[in-house]
Amino acid sequence: MSTAEAPDEDRRDFLYIATGAVGAVGAAALAIPLIDQMNPSASVLALASIEVDLSPIEEGQSITVKWRGNPVIIRHRTAKEIEEAKAVPIADLPDPDARNANVTDGSEATDANRVVDGKEQYLVQMGVCTHLGCVPIGNEGEYDGWFCPCHGSHYDTAGRIRKGPAPENLPVPEYKYLSDAKIQIG
Amino acid sequence: MSGHSTYNPTNPVMKWVDDRLPLPRLMYDSFVSYPVPRNLNYWYTFGGILMIMMVSQIITGIVLVMHYTPHVDMAFDSVEHIRRDVNYGNILQKWHAVGGSFFFIAVYIHIARGMYYGSYKAPREILWMLGVAIFLVMMATGFMGYVLPWGQMSFWGAKVITNLFSAVPFFGEAIVTWLWGGFSVDNATLQRFFSLHYLLPFVLVGVVILHVWALHVTGQGNPTGVEVKSGQDTLAFTPFATVKDAFALSVFFIVFTAFVFFLPDYLGHSINYEEANPLVTPEHIVPEWYYLPFYAILRAVPDKLLGVVAMFGSILVWFILPWLDTSKVRSATYRPIFKQLFWLLMIDFFILGVVGANPPEGWWITVGQIATFYYFAHFLILLPLVGLLETPRPLPSSISDAVLAKNTGKQPAAQPAE
């Protein structure tokens with residue numbers, strides 16, 4: 001055995017630190033798969049897009065389609081509803097952001113920014129209340145739009161939050177027109 | 001009261017075991033010779049009742065899992081299969097479902113008893129905080145269990161409650177997606193809730209063991225709030241407390257089984273007999289009755305994040321209750337003003353429950369906001385102030401003095417209704 005103390009202590013320190021480091025890295029490496037397994041699986045992510053034919057929807061009628069497990073509301077709006085939505089000053093909106101995946105982030109929540117230009121009669125939006133996720137009911141509420149029965153949020157005819165606990169406008173999912181009356185969501 | 005052991009096994013086998021693993025000694029010291037205050041009333045029997053309810057839920061739960069299928073396409077039908085086809089499944093399923101409600105009835109009484117008699121005060125702070133932790137685990141377990149039958153209320157309750165986490169700044173959406181394992185409550189959500197609903201009761205058992213351990217270190221409180229001073233103040237746990245607990249348990253079970261057999265759906269929602277539909281929210285969604293007061297607090301605040309903070313805060317505030325109550329006197333029996341505040345809080349909590357059951361419209365919103373304000377004012381303003389301002393009534397010099405005075409009628413001490 002060596003009589004010199006210093007090298008021994010260095011060796012001990014090294015062993016402590018090395019063991020601790022391996023333990024910490026090991027725990028972190030173990031935690032990642034255990035936590036990440038709860039995120040959406042590849043099969044869930046794969047169900048990304050659907051096609052919807054808009055032609056059967058009469059004016060004043062809404063349909064609900066299921067996309068990624070959530071309802072998407074597609075409404076063929078009446079001229080009166082479009083007028084109402086256009087008449088609202090941005091300053092009156094609790095959420096001035098368009099929340100539209102198809103326009104630049106941070107665009108103003110004008111009616112034009114909530115729909116596709118030239119197709120403004122069709123409002124396509126998630127039927128998921130931005131408060132706690134219930135499905136708002138159409139043709140209800142104080143603004144002729146949607147009303148969430150769970151906690152009393154009122155949305156207007158462009159799906160913008162006007163009153164109640166919901167913080168944001170109903171989000172518009174990413175979608176595009178494949179033909180004149182057919183859209184692809186996602 | 002963790003005094004020295006009086007266990008003295010005469011049976012040679014028990015002595016042999018005791019010398020190697022003193023488990024029989026631990027049981028004997030904890031549940032036979034353990035001294036309890038002689039003046040415990042029936043409000044003190046709910047700890048034992050809760051213990052039995054927990055075991056009852058675990059046993060019926062394990063049995064139900066033998067027939068249940070945690071999959072969105074089969075969950076609803078498998079619960080119907082249990083109720084219609086499985087031998088005695090009808091009773092077992094109802095026992096478990098109604099048992100959840102009665103578990104909460106007992107725990108609310110148990111918590112209220114703790115608040116009335118100041119059971120949370122030094123040296124029982126950790127005992128109390130473990131109790132609050134137990135309540136939180138119970139709430140999580142009950143919530144996940146309610147999702148499993150996959151009815152309309154199961155689904156929408158799950159969606160609303162998990163969405164509470166979307167109020168978290170920046171990471172909200174990512175957290176909710178992670179909780180769901182998708183973009184909505186779906187099969188992945190149901191399966192993980194099933195897994196956790198099976199796990200959490202055993203976590204509960206663990207925390208309950210700590211709770212009972214802490215209780216046995218500090219000794220039990222009692223209706224006078226005066227600590228045990230001599231052997232005259234106590235009785236042996238067995239037979240005295242055991243028999244009293246057993247009697248209270250029998251009465252409790254008469255009411256409980258009456259609901260199981262004759263009113264199994266009274267405490268639930270009929271809409272949950274409709275299978276979950278992710279495209280239609282029921283007209284009026286409400287949580288199970290035992291969450292209603294907290295649900296009312298959530299809805300009373302018009303801001304999403306603050307509403308969630310208020311809801312969780314309304315339970316978390318109990319953690320600091322031992323330090324919010326500034327009075328040195330434990331029992332409400334000797335605190336004239338606090339006693340009235342306690343009953344006002346009970347009324348307030350009940351009002352919150354009624355508000356939670358009603359739609360968030362009109363004057364219900366105002367009532368909910370006033371009741372929410374009062375709830376927090378009770379804990380954060382009134383309790384600290386009353387402790388400083390109130391003049392308590394004279395305390396009895398010991399538990400046995402209080403018992404004797406009551407029995408001879410010399411000093412008619414105000415007792416709560418039993």
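Residues numbered from 1 in each chain as written. Chains lettered and ligands numbered in written order. Predicted model: local features only at pLDDT ≥ 70, side-chain atom pairs only at ≥ 80, totals over all residues. Heavy atoms only, no water.

Asker: Explanation requested: the overall build of chain B in the structure shown.
Answerer: Of the regular secondary structure elements, chain B holds 16 helices and 2 strands. Over its C-alpha trace chain B gives a radius of gyration of 23 Å, about what one expects of a compact globule, namely 22 Å for 418 residues. Viewed in the frame of its principal axes, chain B has a C-alpha envelope of about 65 × 60 × 45 Å. Within the span of chain B, comprising 418 residues, buried residues form 51% of the whole. Total accessible area on chain B stands at roughly 19,800 Å², and carbon and sulfur atoms take up 72% of it. One finds the centroid of the 23 positive side-chain charges in chain B at a distance of 13 Å from the centroid of its 25 negative side-chain charges. (Helix = DSSP H or I, 4+ residues; strand = E, 2+ residues; numbered from the N terminus. Rg over C-alpha atoms; globule rule 2.2 N^0.38 Å. Buried < 20%, exposed > 50% of the residue type's maximum accessible area, 1.4 Å probe, protein only. Areas by Shrake-Rupley, 256 points an atom, 1.4 Å probe, with all protein chains shown as cover. Lys, Arg positive; Asp, Glu negative; His and termini not counted. Charge placed at Lys NZ, Arg CZ, Asp CG, Glu CD.)

Asker: It is not clear to me how the overall build of chain A should be interpreted in this structure. Could you clarify?
Answerer: Each helix and strand counted, chain A has 3 helices and 10 strands in total. Taken against the 2.2 N^0.38 rule, which gives 16 Å for 186 residues, the C-alpha radius of gyration of chain A at 26 Å runs more than 25% over that of a compact globule. The dimensions of chain A, computed from C-alpha atoms along their principal axes, are 95 × 35 × 30 Å. For chain A, the proportion of its 186 residues judged to be buried stands at 39%. For chain A, the accessible area works out to roughly 9,800 Å², and carbon and sulfur atoms hold 56% of it. Computed over 16 positive and 28 negative side-chain charges, the separation of the two mean positions in chain A equals 4 Å.

Asker: Help me out: how do you make sense of the pairing of strand 2 (residues 62–67) of chain A in this one?
Answerer: Remember that side chains alternate between the two faces of the sheet whenever the strand is regular. Residue and element names in this part refer to chain A. Relative to strand 3 (residues 70–76), strand 2 runs antiparallel, the two being bridged by 6 bridges. Of the residues in strand 3, the one forming a bridge with K66 is P71. Between the antiparallel neighbours strand 2 and strand 3 lie 2 residues, among them R68 with a positive phi of about 50°. (Pairing = 2+ DSSP bridges.)

Asker: Sorry, what's going on with the sheet that holds strand 4 (residues 122–126) of chain A here?
Answerer: Strands pair in a sheet through their backbones, by hydrogen bonds, and they do so in one of two ways: parallel or antiparallel. Residues and elements named next belong to chain A. The strand order across the open sheet built from 3 strands is 2-3-4, with neighbouring strands paired in antiparallel fashion. Across the chains shown, the open sheet's two edge strands, defined by having one partner strand only, are strand 2 and strand 4. For this sheet, the mean angle separating the axes of adjacent strands, direction not counted, is 20°. Where strand 3 meets strand 4, 5 bridges bridge the pair, whose relative direction is antiparallel. When the sheet's bridge partners are listed, I73 is paired in strand 4 with Q125. (Axes fitted to C-alpha atoms, helices over the stretch in contact; angles between N-to-C directions.)

Asker: I tried to follow helix 8 (residues 172–180) of chain B on my own but got confused; where do I start?
Answerer: An α-helical turn contains 3.6 residues, so any two residues separated by three or four positions project in the same direction. All names here are of chain B. Listing the buried residues of helix 8 in full gives G172, V176, L179 and W180. Along helix 8, the residues classed as buried sweep out an arc of 95° about the axis, all on the same side. Packed against the buried residues of helix 8 are helix 7 (152–163) and helix 9 (187–218). Phi turns positive one or two residues past the end of helix 8, at G181, with a value near 70°. (Arc of directions from axis to C-beta. Contact = heavy atoms within 4.5 Å.)

Asker: Would you take a moment to explain the interface of chain A and chain B for this structure?
Answerer: For an interface, size is often stated in terms of accessible area lost upon the parts coming together. Listed as interface residues are 30 residues of chain A and, on the opposing side, 27 residues of chain B. Of the roughly 2,400 Å² buried where chain A meets chain B, counting both sides, 63% is carbon and sulfur surface. A per-residue breakdown of the area chain A buries against chain B is headed by M38, L132 and H151 of chain A, which together make up 26% of the total. Counting every contact that joins chain A to chain B gives 0 salt bridges. Where chain A meets chain B, there are 11 residue pairs in polar contact (both at pLDDT 80 or more). Every element with two or more residues in the side of chain A that touches chain B is listed here: helix 2 (42–46), strand 2 and strand 3 of chain A. Here the side of chain A that touches chain B gets 3 residues from one element, more than from any other, and that element is strand 2 of chain A. The residue inventory of the side of chain A that touches chain B, partitioned by class, reads 17 nonpolar, 11 polar and 2 charged. (Buried area = accessible area lost by both parts, 1.4 Å probe. Salt bridge = Lys/Arg side-chain N within 4 Å of Asp/Glu carboxyl O. Polar contact = N/O pair within 3.5 Å; in protein donor to acceptor, adjacent residues only side chain to side chain. Nonpolar A, V, L, I, M, F, W, Y, C, P; charged D, E, K, R; others polar.)

Asker: Sorry, what's going on with the packing of helix 5 (residues 89–116) of chain B against helix 10 (residues 237–262) of chain B here?
Answerer: A pair of packed helices is characterised by two quantities: the angle between their axes and the separation of those axes. All names here are of chain B. Where helix 5 meets helix 10, the axes come as close as 9 Å, and the angle between the chain directions of the two elements is 135°. Here helix 10 runs oblique to helix 5, going by the angle between their axes. For the crossing formed where helix 5 meets helix 10, the hand is right-handed. Touching I91, K94, W95, V98, G99, F102, I105 and A106 of helix 5 are F252, F253, V255, F256, T257, F259, V260 and F261, all from helix 10. Within the contact of helix 5 with helix 10, the residues separate by chemical class into 13 nonpolar, 2 polar and 1 charged. (Parallel < 35°, antiparallel > 145°, perpendicular 65-115°, else oblique. Left-handed = near helix turned anticlockwise from the far one by under 90°.)

Asker: Could you clarify how one ought to interpret helix 14 (residues 336–357) of chain B in this entry?
Answerer: Residue and element names in this part refer to chain B. Given a rise of 1.5 Å per residue, 22 residues ought to cover 32 Å, and the 33 Å separating the end C-alpha atoms of helix 14 matches this to within 8%. Among the residues making up helix 14, those that are buried are F338, L341, F342, L345, D348, F349, L352, G353, V355 and G356. Along the axis of helix 14, the buried positions cluster into a sector of 160°, meaning they face one direction only. Across from the buried face of helix 14, at angles greater than 90 degrees, the exposed residues are Q340 and F350. Where the residues of helix 14 are buried, they touch helix 5, helix 11 (292–300) and helix 15 (363–389). (Expected span 1.5 Å × (residues − 1).)

Asker: What's the story with the state of the cysteines in this structure? I'm lost.
Answerer: Covalent bonding between the sulfur atoms of two cysteines is what defines a disulfide. All names here are of chain A. By the definition in use, this model includes 1 disulfide over all chains. The thiol sulfur of C129 is not disulfide-bonded, and the nearest other cysteine sulfur, from C148, lies at 3.7 Å. For C129, a relative accessible area of 4% gives the class buried. Given a relative accessible area of 2%, C148 falls into the buried group. (Disulfide = S-S within 2.5 Å.)

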